[in-house]
Amino acid sequence: MGKLVFWQGNEAAAYGALKAGCRFYAGYPITPSSEIAETMARELPKVNGVFIQMEDEIGSAAAIIGASLAGVKSMTATSGPGFSLMQEALGYAVMTETPCVFVNVMRGGPSTGLPTKPAQGDIMQARWGTHGDHAIIALYPSTVEEVYRYMIEAFNLAEIYRTPVVFLMDETLGHMREAFELPDLKNVEIVNRISEKDLEEEEIFVPYVESEYAEPKPTALVEMGKTRFHVSGLVHDESGFPNAAYETAEKLIKRLSNKIKLHIDEISIYDEYLTEDAEVLVIAYGIVARSAKEAVKIARNDKMRVGLFKPITIWPLPVHELRKRLSKVEAVIIPEMNLGQYGREILRLVKPGTKVKFINKVGGELITPEEILDGINEILTEGYDY
């Protein structure tokens, strides 16, 4: 039996990061993510880690990139306005292939918005917030236990694919407390980087090597400062030095996308509930997935064949699995605490003739099981909603 804990979602995010090997945190307090910083400030010194409160979110994002390039697993946490400020640095981490984790505990927006209310309005920002063509990995759990478990996975994915990973939460998930047994992680691999001792003495480290299948190459730890490589936000060749030639730029931008795009099946994490014989599929993520699961239970008790598909890897979209499920159902319900950001992506995957119903709320209140159940009844009697 594992240790029983009673953690807030934000605390679970911090402890999951520590378990994954995070040893550097830079951040700036902002509701509703501040408890992550508070926990890291208290716990990091106990494991010889470093916590620093920066002057703003721009500095925070830059600091974790620098720490990661120096060989230390690193993370920051923020909410909507701060996440907006971090976008240029996030793009720099994409271009320089720097593993790190950006936590965004979502609140209502735009601007200062609803600081103490939950929302899911940053789904598209997580995907396209920084400029230019790029790929991103973004996870969004729905329970406190999942926050802990998938934070470890976020760090692993960052290391494997040499990329910043966005870890989404929301105000309710960040602040709610749940009791759970810490999962047995004996068989869970913690992905670490190759170190200098793993390199041949005469070997020249090429940080941005090409490969046919865009397989990522781990960053060497800079243990004693002997392994050096050039880092630039400019388009660069395999050595890391700037090279603006058309062929170089084309290869690099495509590789940055393909190293994630070609590995969607390995990256995708999702849960399903009663989808085997479902005629109506509810697709919900994050905190809304909890209401959706309850609605599915009630619908099943009323003899309605309804199932739930819960993407945990929000980006990249788990297209292969979604297409399989969508090809077998007659109707789809997509509840979101935004105006339909993920729903528009789902629409591209539904087969012709499928009934689709959006359920959207943006006023800072959770979507209830009853509202989803009403949507199920409506779509079975009325049809399309777009």
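What counts, and where the lines are drawn
Residues numbered from 1 in each chain as written. Predicted model: local features only at pLDDT ≥ 70, side-chain atom pairs only at ≥ 80, totals over all residues. Heavy atoms only, no water. Pairing = 2+ DSSP bridges. Helix = DSSP H or I, 4+ residues; strand = E, 2+ residues; numbered from the N terminus. Axes fitted to C-alpha atoms, helices over the stretch in contact; angles between N-to-C directions. Contact = heavy atoms within 4.5 Å. Buried < 20%, exposed > 50% of the residue type's maximum accessible area, 1.4 Å probe, protein only. Right-handed = clockwise from strand over helix to strand, strands pointing away. Salt bridge = Lys/Arg side-chain N within 4 Å of Asp/Glu carboxyl O. Expected span 1.5 Å × (residues − 1). Left-handed = near helix turned anticlockwise from the far one by under 90°.

## Notes on the sheet that holds strand 2 (residues 24–27)
Note: strands within a sheet are paired through backbone hydrogen bonds, in either parallel or antiparallel orientation.
Alright, step 1. Here we have seven strands laid out as an open sheet, ordered 3-2-4-5-7-6-12, and mixed in their pairing. In this open sheet, the two edge strands, each paired with only one partner strand, are strand 3 (50–53) and strand 12 (313–315). Shown here is a sheet whose adjacent strand axes are inclined to one another by a mean of 25 degrees, direction ignored.
Alright, step 2. Against the sheet, helix 7 (residues 144–161) makes contact with strand 4 (74–78), strand 5 (100–106), strand 6 (137–139) and strand 7 (164–170), and its axis sits at roughly 160 degrees relative to strand 7, the strand it touches most.

## Overview of the pairing of strand 11 (residues 306–311)
Alright, step 1. Of all six residues in strand 11, six are buried, a share of seventy percent or more.
Alright, step 2. The alternating pattern of strand 11 places V306, L308 and K310 on one face and G307, F309 and P311 on the opposite face, and all of these are buried.
Alright, step 3. Looking at chain direction, strand 10 (residues 280–283) and strand 11 are connected through four bridges and run parallel. Bridge pairing links V280 to V306 in strand 11.
Alright, step 4. In this view, the connection linking strand 10 to its parallel neighbour strand 11 by way of helix 11 (residues 288–301) has right-handed handedness.

## Section: the pattern of salt bridges
Alright, step 1. As enumerated under the stated definition, the model contains 20 salt bridges in all.
Alright, step 2. Across the pair K357 and E378 runs a salt bridge whose closest N-O atoms are separated by 2.8 Å. Highlighted residues: K357 in strand 14 (residues 355–360) and E378 in helix 14 (residues 369–381), separated in sequence by 21 residues.
Alright, step 3. Across the pair K361 and E365 runs a salt bridge whose closest N-O atoms are separated by 4.0 Å.
Alright, step 4. By relative accessible area, which is 18% here, K361 ends up buried.
Alright, step 5. Given the relative accessible area of 56%, E365 is considered exposed.
Alright, step 6. Each of E272, E321, K324 and R325 takes part in one network of salt bridges that share partners.

## Brief notes about helix 14
Alright, step 1. Between its terminal C-alpha atoms helix 14 stretches 19 Å, which fits the 18 Å expected from 13 residues at 1.5 Å a residue.
Alright, step 2. Against the buried residues of helix 14 lie strand 10, helix 11, strand 11, strand 13 (331–336) and strand 14.

## Quick word on the packing of helix 1 (residues 9–20) against helix 7
Alright, step 1. Contact geometry for helix 1 and helix 7: axes closest at 8 Å, N-to-C directions at 35 degrees. Read as a crossing pair, helix 1 and helix 7 show a hand that is right-handed. Across the interface between the two elements, G9, A12, A13, Y15, G16, A17, K19 and A20 of helix 1 pack against V144, V147, Y148, M151, I152 and F155 of helix 7.

## Considerations on the sheet that holds strand 10
Alright, step 1. Strand order in this open sheet of five strands is 9-11-10-13-14, and the pairing throughout is mixed. Sheet topology places strand 9 (270–273) and strand 14 at the edges, where each strand pairs with a single neighbour. In this sheet, adjacent strand axes meet at a mean angle of 20 degrees when their direction is disregarded.
Alright, step 2. Pairing of strand 9 with strand 11 involves four bridges; the strand directions are antiparallel.

## Here we look at the pairing of strand 13
Alright, step 1. Along strand 13, six of the six residues are buried, which leaves the element largely enclosed by surrounding structure.
Alright, step 2. Both faces of strand 13 are covered, namely the face carrying A331, I333 and P335 and the face carrying V332, I334 and E336.
Alright, step 3. Here strand 10 runs beside strand 13; their pairing, made up of three bridges, is parallel. Bridging across to strand 13, V282 finds its partner in I333.
Alright, step 4. Alignment of strand 13 against strand 14, held across six bridges, turns out to be parallel. For V332, the partnering residue across the bridge sits in strand 14 and is V356.

## Some remarks on unusual backbone geometry
Alright, step 1. In this chain, T31 is followed by P32 through a cis amide linkage whose omega measures 5 degrees.
Alright, step 2. The topology assignment puts P32 in the loop between strand 2 and helix 2 (34–43).
Alright, step 3. A cis amide bond, omega -5 degrees, links W315 with the succeeding residue P316.
Alright, step 4. For L274, which is not glycine, the phi torsion reads 55 degrees and is therefore positive.
Alright, step 5. In this fold, L274 is placed in the loop between strand 9 and strand 10.

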